[in-house]
Amino acid sequence: MENKGKKISLNIVSSKVNHKGFGAGAIDLSNVSGVVIDQGEAYLDNGTLHAKSKIEKGIKFSGEKEDVPNGRRCFIVWVAVDRDEEGQFYGGLAACEMLVDTEAKRGWKILADHVNRMDRAMKRKILVENLNDSEKMALKKLLSEFNPEWWAHTPEEVKKALEE
(Lines give C-alpha, C1' and ligand atoms only; values in the text may rest on other atoms or scores of the structure.)
Protein backbone atom coordinates (compact mmCIF):
# COMPACT_ATOMS: atom_id res chain seq x y z
CA MET A 1 0.00 0.00 0.00
CA GLU A 2 1.48 3.30 -1.08
CA ASN A 3 1.25 6.30 1.24
CA LYS A 4 0.33 9.35 -0.82
CA GLY A 5 -0.49 11.56 2.18
CA LYS A 6 1.51 14.41 3.58
CA LYS A 7 4.97 13.49 4.85
CA ILE A 8 5.15 13.72 8.63
CA SER A 9 7.85 16.02 9.90
CA LEU A 10 9.05 17.67 13.07
CA ASN A 11 7.89 21.25 13.41
CA ILE A 12 10.63 23.87 13.35
CA VAL A 13 10.59 27.13 15.25
CA SER A 14 11.17 30.30 13.28
CA SER A 15 13.02 33.09 15.04
CA LYS A 16 11.83 35.57 12.41
CA VAL A 17 8.25 35.73 13.70
CA ASN A 18 7.47 38.26 16.41
CA HIS A 19 3.76 38.22 17.21
CA LYS A 20 2.20 41.13 19.06
CA GLY A 21 -1.34 41.74 20.23
CA PHE A 22 -3.90 38.99 20.82
CA GLY A 23 -2.25 35.76 21.88
CA ALA A 24 1.06 37.43 22.73
CA GLY A 25 2.78 35.44 25.43
CA ALA A 26 0.96 32.26 24.45
CA ILE A 27 3.01 29.09 24.21
CA ASP A 28 4.54 28.67 20.76
CA LEU A 29 4.14 25.01 19.82
CA SER A 30 5.93 25.31 16.49
CA ASN A 31 9.11 23.73 17.89
CA VAL A 32 7.41 20.74 19.55
CA SER A 33 6.27 17.49 18.05
CA GLY A 34 4.76 14.37 19.53
CA VAL A 35 6.18 10.90 19.15
CA VAL A 36 3.95 7.96 19.99
CA ILE A 37 5.49 4.84 21.48
CA ASP A 38 3.08 1.92 21.23
CA GLN A 39 3.93 -1.76 21.52
CA GLY A 40 7.65 -1.20 21.01
CA GLU A 41 7.26 1.06 17.97
CA ALA A 42 7.99 4.80 17.95
CA TYR A 43 6.50 7.03 15.28
CA LEU A 44 5.77 10.70 14.68
CA ASP A 45 2.13 11.70 14.92
CA ASN A 46 1.30 15.37 14.43
CA GLY A 47 -2.17 14.75 15.87
CA THR A 48 -0.67 14.51 19.36
CA LEU A 49 -0.69 18.29 19.80
CA HIS A 50 -4.49 18.25 19.70
CA ALA A 51 -5.01 14.87 21.42
CA LYS A 52 -5.96 13.41 18.04
CA SER A 53 -3.14 10.97 17.46
CA LYS A 54 -3.83 7.62 15.85
CA ILE A 55 -4.05 5.86 19.22
CA GLU A 56 -6.19 8.58 20.85
CA LYS A 57 -8.89 8.84 18.16
CA GLY A 58 -12.21 7.39 19.27
CA ILE A 59 -10.98 6.77 22.82
CA LYS A 60 -12.84 8.14 25.83
CA PHE A 61 -10.23 9.07 28.41
CA SER A 62 -10.61 8.93 32.16
CA GLY A 63 -8.36 10.19 34.94
CA GLU A 64 -8.79 6.89 36.80
CA LYS A 65 -6.55 3.93 35.91
CA GLU A 66 -9.15 1.53 37.31
CA ASP A 67 -11.47 2.48 34.43
CA VAL A 68 -9.06 0.83 31.97
CA PRO A 69 -8.20 -2.61 33.43
CA ASN A 70 -7.16 -4.05 30.05
CA GLY A 71 -5.33 -1.00 28.75
CA ARG A 72 -1.97 -1.33 27.06
CA ARG A 73 0.81 0.98 28.14
CA CYS A 74 1.82 3.56 25.56
CA PHE A 75 3.41 6.99 25.57
CA ILE A 76 3.39 10.35 23.93
CA VAL A 77 6.88 11.83 24.03
CA TRP A 78 7.09 15.56 23.53
CA VAL A 79 10.21 16.36 21.50
CA ALA A 80 11.45 19.94 21.37
CA VAL A 81 13.73 20.91 18.51
CA ASP A 82 16.12 23.72 19.33
CA ARG A 83 18.69 25.71 17.38
CA ASP A 84 22.02 27.33 18.10
CA GLU A 85 24.83 28.79 15.98
CA GLU A 86 25.82 25.32 14.77
CA GLY A 87 22.34 24.20 13.74
CA GLN A 88 19.31 22.33 15.00
CA PHE A 89 19.17 19.58 17.61
CA TYR A 90 16.83 17.69 19.92
CA GLY A 91 16.79 19.90 23.00
CA GLY A 92 14.11 18.49 25.28
CA LEU A 93 12.16 15.26 25.74
CA ALA A 94 9.28 14.42 28.04
CA ALA A 95 7.39 11.11 28.05
CA CYS A 96 3.75 10.93 29.16
CA GLU A 97 2.23 7.56 29.98
CA MET A 98 -1.23 6.50 28.84
CA LEU A 99 -3.27 3.33 28.97
CA VAL A 100 -5.37 2.55 25.91
CA ASP A 101 -7.92 -0.23 25.44
CA THR A 102 -8.75 0.05 21.74
CA GLU A 103 -11.46 -2.63 21.86
CA ALA A 104 -13.35 -1.02 24.73
CA LYS A 105 -12.58 2.49 23.38
CA ARG A 106 -11.40 3.53 26.83
CA GLY A 107 -8.17 5.10 27.99
CA TRP A 108 -6.39 6.67 30.91
CA LYS A 109 -4.20 9.76 30.89
CA ILE A 110 -3.71 12.82 33.00
CA LEU A 111 -4.10 15.84 30.76
CA ALA A 112 -2.37 18.19 33.21
CA ASP A 113 0.67 15.88 33.19
CA HIS A 114 0.77 16.01 29.38
CA VAL A 115 0.62 19.81 29.38
CA ASN A 116 3.21 20.20 32.15
CA ARG A 117 5.61 17.74 30.54
CA MET A 118 5.23 19.42 27.14
CA ASP A 119 6.20 22.68 28.81
CA ARG A 120 9.21 21.02 30.45
CA ALA A 121 10.37 19.58 27.09
CA MET A 122 10.14 23.07 25.59
CA LYS A 123 12.38 24.28 28.42
CA ARG A 124 15.05 21.70 27.45
CA LYS A 125 14.26 19.28 30.27
CA ILE A 126 14.68 15.55 29.81
CA LEU A 127 11.94 13.48 31.44
CA VAL A 128 12.11 9.91 30.16
CA GLU A 129 12.42 8.12 33.49
CA ASN A 130 9.11 6.36 32.90
CA LEU A 131 10.27 4.66 29.67
CA ASN A 132 11.72 1.15 29.83
CA ASP A 133 14.86 0.17 27.90
CA SER A 134 13.06 -1.01 24.75
CA GLU A 135 10.93 2.15 24.65
CA LYS A 136 14.05 4.31 25.00
CA MET A 137 15.73 2.34 22.20
CA ALA A 138 12.70 2.83 19.92
CA LEU A 139 12.71 6.59 20.59
CA LYS A 140 16.47 6.85 20.05
CA LYS A 141 16.22 4.91 16.78
CA LEU A 142 13.44 7.17 15.49
CA LEU A 143 15.20 10.42 16.41
CA SER A 144 18.61 9.37 15.10
CA GLU A 145 17.20 8.07 11.80
CA PHE A 146 14.72 10.92 11.29
CA ASN A 147 17.50 13.50 11.11
CA PRO A 148 21.07 12.24 11.63
CA GLU A 149 22.46 15.80 11.57
CA TRP A 150 20.17 16.91 14.41
CA TRP A 151 21.04 13.74 16.33
CA ALA A 152 24.78 14.32 15.89
CA HIS A 153 24.36 17.87 17.24
CA THR A 154 22.11 16.80 20.15
CA PRO A 155 23.62 17.32 23.63
CA GLU A 156 25.15 14.25 25.30
CA GLU A 157 22.71 14.65 28.20
CA VAL A 158 19.79 13.85 25.87
CA LYS A 159 21.58 10.92 24.23
CA LYS A 160 22.63 9.48 27.60
CA ALA A 161 19.07 9.64 28.94
CA LEU A 162 18.00 7.31 26.10
CA GLU A 163 20.73 4.79 26.88
CA GLU A 164 20.18 4.31 30.60
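Residues numbered from 1 in each chain as written. Predicted model: local features only at pLDDT ≥ 70, side-chain atom pairs only at ≥ 80, totals over all residues. Heavy atoms only, no water.

A. Examining helix H2 (residues 133–146) more closely. For H2, with 14 residues, the first-to-last C-alpha span of 20 Å sits near the 20 Å given by 1.5 Å per residue. Along H2, the residues classified as buried are Glu135, Lys136, Ala138, Leu139, Leu142 and Leu143. The buried residues of H2 occupy an angular sector of 160° when the element is viewed end-on, so they sit on one face. Facing away from the buried side of H2 by more than 90 degrees, the exposed set consists of Asp133, Met137 and Glu145. Looking at the buried residues of H2, the elements they touch are strand S1 (32–38), strand S2 (41–44), strand S4 (72–84), strand S5 (87–101), helix H3 (148–153) and helix H4 (156–161). (Helix = DSSP H or I, 4+ residues; strand = E, 2+ residues; numbered from the N terminus. Expected span 1.5 Å × (residues − 1). Buried < 20%, exposed > 50% of the residue type's maximum accessible area, 1.4 Å probe, protein only. Arc of directions from axis to C-beta. Contact = heavy atoms within 4.5 Å.)

B. The arrangement of the nonpolar core in detail. Membership of the largest hydrophobic core comes to 23 residues, with the highest contact counts inside it found for Val35, Ile37, Val77, Leu93, Leu139 and Leu143. Counting only elements with at least two residues in this core, the list comes to S1, S2, S4, S5, H2, H3 and H4. If we ignore the near neighbours within four places in the chain, the residues touching Val35 are Ala42, Tyr43, Leu44, Phe75, Ile76, Val77, Val79, Leu139 and Leu142. (Core = buried A, V, L, I, M, F, W, Y, C linked by side-chain atoms within 4.5 Å.)

C. Representation of the pairing of S2. Here 4 bridges tie S1 to S2, and the two strands are oriented antiparallel to one another. Each residue of the ladder has a partner; that of Val36, found in S2, is Tyr43. The antiparallel hairpin formed by S1 and S2 contains 2 residues in its connecting segment, where Gln39 sits at a positive phi of about 55°. (Pairing = 2+ DSSP bridges.)

D. Expanded view of the packing of aromatic side chains. Counted under the stated rule, the structure contains 3 aromatic pairs. Geometrically, the ring pair formed by Tyr90 and Trp150 is edge-to-face, given 5.7 Å between the ring centres and 80° between the ring planes. Here Tyr90, found in strand S5, pairs with Trp150, found in helix H3; they are 60 residues apart in sequence, far enough to count as distant. Take Tyr90 and Trp150: they sit in the same class, and that class is buried. Centre to centre, the rings of Phe146 and Trp150 are 6.1 Å apart; their planes meet at 55°, and the pair counts as tilted. (Phe/Tyr/Trp six-rings, centres within 6.5 Å; stacked < 30°, edge-to-face > 60°.)

Taken by themselves, the reported measurements are silent on function.
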